[in-house]
Structure formats: C-alpha cells, structure tokens
Amino acid sequence: MGLREQVNTALKQAMKEKDAARLATLRLINAAIKDQDIARRGADGDTDLTDADILAIMGKMTKQRQESVRAYEEGGRLDLAEREQREIEIIAEFLPRPLEEAEVDAAIDKAIKDTGATSIRDMGKIMGRLKEKYTGQMDFGTVGPKVKERLA
C-alpha cells in the first residue's frame with residue numbers, strides 16, 4: 001500500500017474514532033499532497049506523485065513544525081508548541097525509521113564510492129544519490145557538512 005493510501009486509510013479511521021486533532025493533521029497532509037498534484041498537473045501533465053515525492057512533502061511539513069515548536073517555546077506558548085509536536089508525531093507515523101549515526105556514515109561512504117566522487121565539486125552527485133535513496137530517513141542539513149568533510 002502506497003503512502004497516499006496509508007494516509008487516506010488513517011484519515012477514515014480518525015473520522016470513525018472522532019479524533020479531531022489527528023483528523024486535522026491528516027487533512028493537512030492530504031491537502032499538501034493534493035496541492036503538489038495540482039502544481040505538477042500544470043507543469044508537465046504527469047500528476048502521479050511517487051512515495052518519494054510524498055516523503056519529501058512530509059519531511060518539509062515536519063521541518064516547518066519543528067521550527068514552529070522552537071518559535072513557540074521561545075515565545076512562551078507551550079500549548080501551541082505541544083500541538084505542533086503532536087502533529088510532528090502524527091506525520092512521523094508515515095515516515096520511514098530514521099537512520100542511526102553509523103548507518104548515515106555508511107550511506108555517505110557508499111554514495112561517495114558509487115559516484116566515484118573525489119572533490120567537493122562532486123557533492124551535488126552525492127547529495128542527489130542520498131536524497132534519492134534515503135528521503136525521510138536522514139537530516140540532510142547535518143549530512144551536507146559530513147559529506148564536505150569527507151571530500152575535503
């Protein structure tokens with residue numbers, strides 16, 4: 001079952017259980033997916049989003065909510081921070097398990113070896129390979145500096 005179907009199934013289940021918070025978050029996920037469908041339809045006519053595309057959408061949603069949590073906590077609005085944190089947890093149910101530090105290092109080494117990268121100019125190839133295989137499983141903000149360090 002694809003991610004889109006998993007989200008729709010969870011949405012129906014939340015409706016049956018009358019879980020308002022979960023339902024609202026699942027509707028946000030669905031809306032983001034549909035927005036991407038519409039954006040693609042105008043661009044190239046191919047509207048089929050892959051699971052990787054949907055993972056990227058969910059990763060972006062998670063990152064936005066993490067920034068909101070930080071801002072709410074700094075502003076002393078813990079109630080709003082908790083609500084955002086709950087949304088992150090719901091979105092995370094659909095994301096693959098994050099890789100451990102050792103697994104991330106091994107994935108970087110493998111990507112460097114597979115692409116034949118030798119200098120910092122090859123960083124784009126490596127990051128592209130990692131994003132292709134590990135979207136949603138690693139934080140590319142922390143991976144970038146590690147790749148740079150290995151290529152330097």
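Predicted, not measured: the structure shown is a model, and the values here were computed from it. (Residues numbered from 1 in each chain as written. Predicted model: local features only at pLDDT ≥ 70, side-chain atom pairs only at ≥ 80, totals over all residues. Heavy atoms only, no water.)

Overview of the overall build of the protein chain
Here comes step 1: Helices and strands together make up the secondary structure of the protein chain, namely seven helices and zero strands.
Here comes step 2: Summarising its shape, the C-alpha atoms of the protein chain cover approximately 55 × 45 × 25 Å along the three principal directions.
Here comes step 3: Scored against the burial criterion, the 152 residues of the protein chain give a buried share of 36%.
Here comes step 4: By sequence separation, contacts in the protein chain at least 24 residues apart represent 54% of the contacts at least 6 residues apart.
Here comes step 5: A total of about 9,500 Å² of accessible surface is found on the protein chain, and carbon and sulfur atoms cover 50% of it.
Here comes step 6: Within the protein chain, the 29 negative side-chain charges are centred at a point lying 3 Å from the centre of the 27 positive side-chain charges. (Helix = DSSP H or I, 4+ residues; strand = E, 2+ residues; numbered from the N terminus. Buried < 20%, exposed > 50% of the residue type's maximum accessible area, 1.4 Å probe, protein only. Contact = heavy atoms within 4.5 Å. Areas by Shrake-Rupley, 256 points an atom, 1.4 Å probe, with all protein chains shown as cover. Lys, Arg positive; Asp, Glu negative; His and termini not counted. Charge placed at Lys NZ, Arg CZ, Asp CG, Glu CD.)

Regarding the pattern of salt bridges
Here comes step 1: For the coordinates displayed, the defined rule picks out 13 salt bridges.
Here comes step 2: Look at the salt bridges and you will find they share partners, linking E101, D105, D109, K146 and R150 into a network. (Salt bridge = Lys/Arg side-chain N within 4 Å of Asp/Glu carboxyl O.)

Focus on the packing of aromatic side chains
Here comes step 1: For the coordinates displayed, the defined rule picks out zero aromatic pairs.
Here comes step 2: Directly above the aromatic system of F140 lies the positively charged group of K131, at a separation of 5.7 Å from the ring centroid. (Phe/Tyr/Trp six-rings, centres within 6.5 Å; stacked < 30°, edge-to-face > 60°. Lys NZ or Arg CZ within 6 Å of the ring centre and 35° of its normal.)

Looking at the nonpolar core
Here comes step 1: L26, I29, I33, I54, M58, I91 and F94 are the most contacted members of the largest nonpolar core, which totals 19 residues.
Here comes step 2: Only α1 (3–17), α2 (20–44), α3 (51–74) and α4 (78–92) provide two or more residues apiece to this core.
Here comes step 3: Those residues in contact with L26 that sit more than four places away from it in its chain are V7, A10, L11, A14, I90 and F94.
Here comes step 4: Counting residues in each nonpolar core, the second largest holds 17 residues, with A107, I108, L130 and L151 among its members. (Core = buried A, V, L, I, M, F, W, Y, C linked by side-chain atoms within 4.5 Å.)

Some details on unusual backbone geometry
Here comes step 1: The phi angle at K18 is positive, at roughly 55 degrees, despite the residue not being glycine.
Here comes step 2: Looking at the secondary structure, you find K18 in the loop between α1 and α2.
Here comes step 3: By relative accessible area, which is 72% here, K18 ends up exposed.

Quick look at the packing of α1 against α3
Here comes step 1: At their nearest, the axes of α1 and α3 sit 9 Å apart, and the two run at 55 degrees to each other. The orientation of α1 with respect to α3, classified from their angle, is oblique. Of α3, the residues touching α1 (which contributes L3, R4 and V7) are D51, I54, L55 and M58.
Here comes step 2: Residue composition of the contact of α1 with α3, by class: five nonpolar, no polar and two charged. (Axes fitted to C-alpha atoms, helices over the stretch in contact; angles between N-to-C directions. Parallel < 35°, antiparallel > 145°, perpendicular 65-115°, else oblique. Nonpolar A, V, L, I, M, F, W, Y, C, P; charged D, E, K, R; others polar.)

Structural notes on α3
Here comes step 1: Over its 24 residues, α3 extends 35 Å from the first C-alpha to the last, a length consistent with the 34 Å expected when each residue adds 1.5 Å.
Here comes step 2: Looking at α3, one finds that the buried residues are I54, L55, I57, M58, M61, T62, R65 and V69.
Here comes step 3: A positive phi of about 80 degrees marks G76, the residue just after α3. (Expected span 1.5 Å × (residues − 1).)

Thoughts on the environment of M1
Here comes step 1: Structurally, M1 is set in the segment before α1.
Here comes step 2: M1 gets classed as exposed once you look at its relative accessible area, which sits at 71%.
Here comes step 3: Other than its neighbours up to four places away in sequence, M1 contacts Q6 and T9.

Brief notes about the packing of helix α6 (residues 123–134) against helix α7 (residues 140–151)
Here comes step 1: For the pair α6 and α7, interaxial distance at closest approach is 11 Å and the crossing angle is 140 degrees. It follows from the interaxial angle that α6 and α7 lie oblique. In terms of crossing hand, the pair formed by α6 and α7 is right-handed. Here M123, I126, M127, L130, K131 and Y134 of α6 lie close against α7, whose contacting residues are F140, V143, G144, V147, K148 and L151.
Here comes step 2: Class assignment of the residues belonging to the contact of α6 with α7 gives a composition of nine nonpolar, one polar and two charged. (Left-handed = near helix turned anticlockwise from the far one by under 90°.)

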